[in-house]
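The primary structure of each chain is shown beneath.
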There are 2 protein chains.
Amino acid sequence: MSEIKKIAFIGSGNVSTHLAEAFANSGIELVGFYGRNQKTTQEMATHYHSKWGSISELKPSEVDLIIISVPDHAMEEVLQTLPTVTTLLAHTSGSLSMEILQNKGNQLAVFYPLQTFSKEKKVDFSNIPLMLEANGDYDLKLLENLAQKISSKVYRINSLQRKKIHIAAVFASNFSNYLYHIAEDLLKRNDIPFEVIQALIEETTDKIKKLSPYDAQTGPAMRKDMETIEAHLKDLEETPEYHEIYKLLSKHIIQSRKQ
Amino acid sequence: MSEIKKIAFIGSGNVSTHLAEAFANSGIELVGFYGRNQKTTQEMATHYHSKWGSISELKPSEVDLIIISVPDHAMEEVLQTLPTVTTLLAHTSGSLSMEILQNKGNQLAVFYPLQTFSKEKKVDFSNIPLMLEANGDYDLKLLENLAQKISSKVYRINSLQRKKIHIAAVFASNFSNYLYHIAEDLLKRNDIPFEVIQALIEETTDKIKKLSPYDAQTGPAMRKDMETIEAHLKDLEETPEYHEIYKLLSKHIIQSRKQ
């Protein structure tokens, strides 16, 4: 094999959905979708005129690459139902090591797209960093070649680095989004539309393309403006969970400016 | 007066800098810059061919509007050096009530641009929400007219709402930016460039233009993936402050999905 042309997916969640679409748009053949959720695997297979079925129905010899994209907690269960294969086998997890696949084959890899996927929202894959790892140099090159067909940002990243990147991503994406949720909730409680802070959120992320987040920091805590912080905390007493978060983050921002 | 044409600024920080530029670009005359920081007021005055000096040198009769834009904690001290004026008097604070100005004049207002300003970073003012308040209807109309010259997003917001918006903005902007700082620091410690998560950050904020932050939430805590959370917390033990933040935010995300 000099090129990966045929792929089978195990799993039919957000990552599979978006990866499959990007591959299909680049002329890669999606041979089949397999997994525990009959409804969604069948939907995806129908959409791409592919096969579908339970994991035991997957025929490894028909494909160049099997991508397992399931929630981390489901990985062990899924691996138990997969026979040992002689096909290149990759998972898409940010947290799991490549070695979790080791009883299932000799050619192991990770194909981790660093992005936040929601089924309802299309993404432009060409801009999504793909973090690749493989236990063989030739397989790594094949994967790189495949990855470059769908993205301009392809990195070789080992399991330890990938884990650190995933933690950083939780802070930068999942936790930030939760703060947006808090902001929306606080505004809603006062009949103010969320749109009033949309431009602020955009500028906050636009700034860090030019400045480091440390240099871009603004706000009461960064200025050590204790009067405003105290007034805000008093105002937040009716929402104890937001009070707790405001207090902790302000404390750490203040400390980070002392160093 | 049927239109605000001449403005004096008290204060020469980030907000003054960006507001002054937006006004100047819209043909408003910047009569002078006054304040405690001789160096920066002089720099701004030189840039706009304006007057400059200490607050006592400001001649209210020469202008249609005085904008006080100083840190909240400096407001009282600044107001003490300002004589009572018969000119429209506005501050730009998100937290302070309009009434803080009440001993200094009869025509009081607030002109609050909801944005994160850093001197090194230019902003497009046309997209910045301006939150206006005034104690007279006619003055409010004058301010609206002025605000619309520099922004397409002009809102009438009272002091209570403005305070709530400011708190929401601290969560959505200041705290998010601090999370970006944490992400950058975690990556740096592992020799990974910050750029690998830039696309993720962009997509996170792009998503909430289409989905509510609640619907856009992803990540281990949202999935109640305790195994990944525990693994991340173990990994964060060497940075106790990040450990504490990860733990608290994960706890609240998990709780928020139960409601």
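Q: When you look at the pattern of salt bridges in this model, what are you seeing that I'm missing?
A: Side chains bearing opposite charge may pair, as long as their charged atoms lie close to each other. Under the counting rule described, the total for this entry stands at 24 salt bridges over all chains. In this structure, Arg156(A) engages Glu144(A) in a salt bridge whose closest nitrogen and oxygen atoms are separated by 2.7 Å. One end of the pair, Arg156(A), is in strand E8 (residues 154–156); the other, Glu144(A), is in helix H4 (residues 137–150), with 12 residues separating them in the sequence. Lys39(B) is paired through a salt bridge with Glu43(B); the nearest N and O atoms lie 3.0 Å apart. On the criterion of helical spacing, the pair formed by Lys39(B) and Glu43(B) is a turn pair, its members being four residues apart in helix H2 (residues 38–48). You can call Lys39(B) exposed: its relative accessible area is 58%. Under the relative-accessibility criterion, Glu43(B) is labelled partly exposed at 46%. Overlapping salt bridges, with partners in common, bring together Lys163(A), Lys164(A) and Asp235(B) in one network.

Q: Would you mind showing me how to read the relation of the copies chain A and chain B here?
A: Related by rotation about an axis and a shift along that axis, the two copies of the chain form a pair. Laying chain A over chain B is done by rotating through 180° and shifting 0.0 Å along the axis; what remains is an RMSD of 0.0 Å. Such a combination of turn and shift is consistent with a two-fold rotation axis. Within chain A, the C-alpha atom positioned nearest to the axis of rotation is that of Ser176(A), 2.5 Å from it.

Q: Teacher, can you tell me more about the packing of aromatic side chains here?
A: A full pass over the atoms with the stated rule returns 16 aromatic pairs over all chains. For the pair Tyr242(A) and Phe171(B), a centre-to-centre distance of 6.4 Å together with 65° between the ring planes defines the contact as edge-to-face. Here Tyr242(A) is found in helix H9 (residues 240–256), whereas its partner Phe171(B) is found in helix H5 (residues 159–188) on a different chain. In terms of burial, Tyr242(A) and Phe171(B) fall into one category: buried. A network of ring pairs unites the aromatic residues Phe9(A), Phe23(A), Phe33(A), Tyr48(A) and Phe111(A) as a single cluster. Taking NZ or CZ as reference, Arg257(A) lies 3.8 Å from the ring centre of Tyr214(A), over its face.

Q: Quick question: what am I supposed to make of the sheet that holds strand E2 (residues 29–34) of chain B here?
A: For sheets, the rule is that strands pair by backbone hydrogen bonds, running either parallel or antiparallel. Residues and elements named next belong to chain B. Read from one edge of the open sheet, eight strands run E3-E2-E1-E4-E5-E6-E7-E8, paired in mixed fashion. Of all strands in the sheet, those with a lone pairing partner are strand E3 (51–53) and strand E8 (154–156), marking the two edges. In this sheet, adjacent strand axes meet at a mean angle of 25° when their direction is disregarded. In terms of strand pairing, strand E5 (residues 88–91) meets strand E6 (residues 108–113) through three bridges, oriented parallel. In the strand pairing of E6, Leu-89 is matched with Leu-108. On top of the sheet, helix H4 (residues 137–150) reaches strand E1 (6–10), strand E4 (65–68), E5, E6, strand E7 (130–134) and E8; it is set at about 165° to E7, its chief contact.

Q: Quick question: what am I supposed to make of the interface of chain A and chain B here?
A: Accessible area lost upon the coming together of the parts serves often as the stated size of an interface. Contacts between chain A and chain B engage 88 residues on the former and 88 residues on the latter. Between Asp235(A) and Lys164(B) there is a salt bridge, with its nearest N and O atoms 2.6 Å apart. Our enumeration of links across chain A and chain B arrives at 31 residue pairs in polar contact (both at pLDDT 80 or more). Ranked by the residues each element gives to the side of chain A that touches chain B, the list is headed by helix H5 (residues 159–188) of chain A, at 25 residues. Residues that form the side of chain A that touches chain B fall into these classes: 42 nonpolar, 25 polar and 21 charged.

What counts and how
Residues numbered from 1 in each chain as written. Chains lettered and ligands numbered in written order. Predicted model: local features only at pLDDT ≥ 70, side-chain atom pairs only at ≥ 80, totals over all residues. Heavy atoms only, no water. Salt bridge = Lys/Arg side-chain N within 4 Å of Asp/Glu carboxyl O. Helix = DSSP H or I, 4+ residues; strand = E, 2+ residues; numbered from the N terminus. Buried < 20%, exposed > 50% of the residue type's maximum accessible area, 1.4 Å probe, protein only. Least-squares fit on C-alpha atoms with pLDDT ≥ 70 in both. Phe/Tyr/Trp six-rings, centres within 6.5 Å; stacked < 30°, edge-to-face > 60°. Lys NZ or Arg CZ within 6 Å of the ring centre and 35° of its normal. Pairing = 2+ DSSP bridges. Axes fitted to C-alpha atoms, helices over the stretch in contact; angles between N-to-C directions. Contact = heavy atoms within 4.5 Å. Polar contact = N/O pair within 3.5 Å; in protein donor to acceptor, adjacent residues only side chain to side chain. Nonpolar A, V, L, I, M, F, W, Y, C, P; charged D, E, K, R; others polar.

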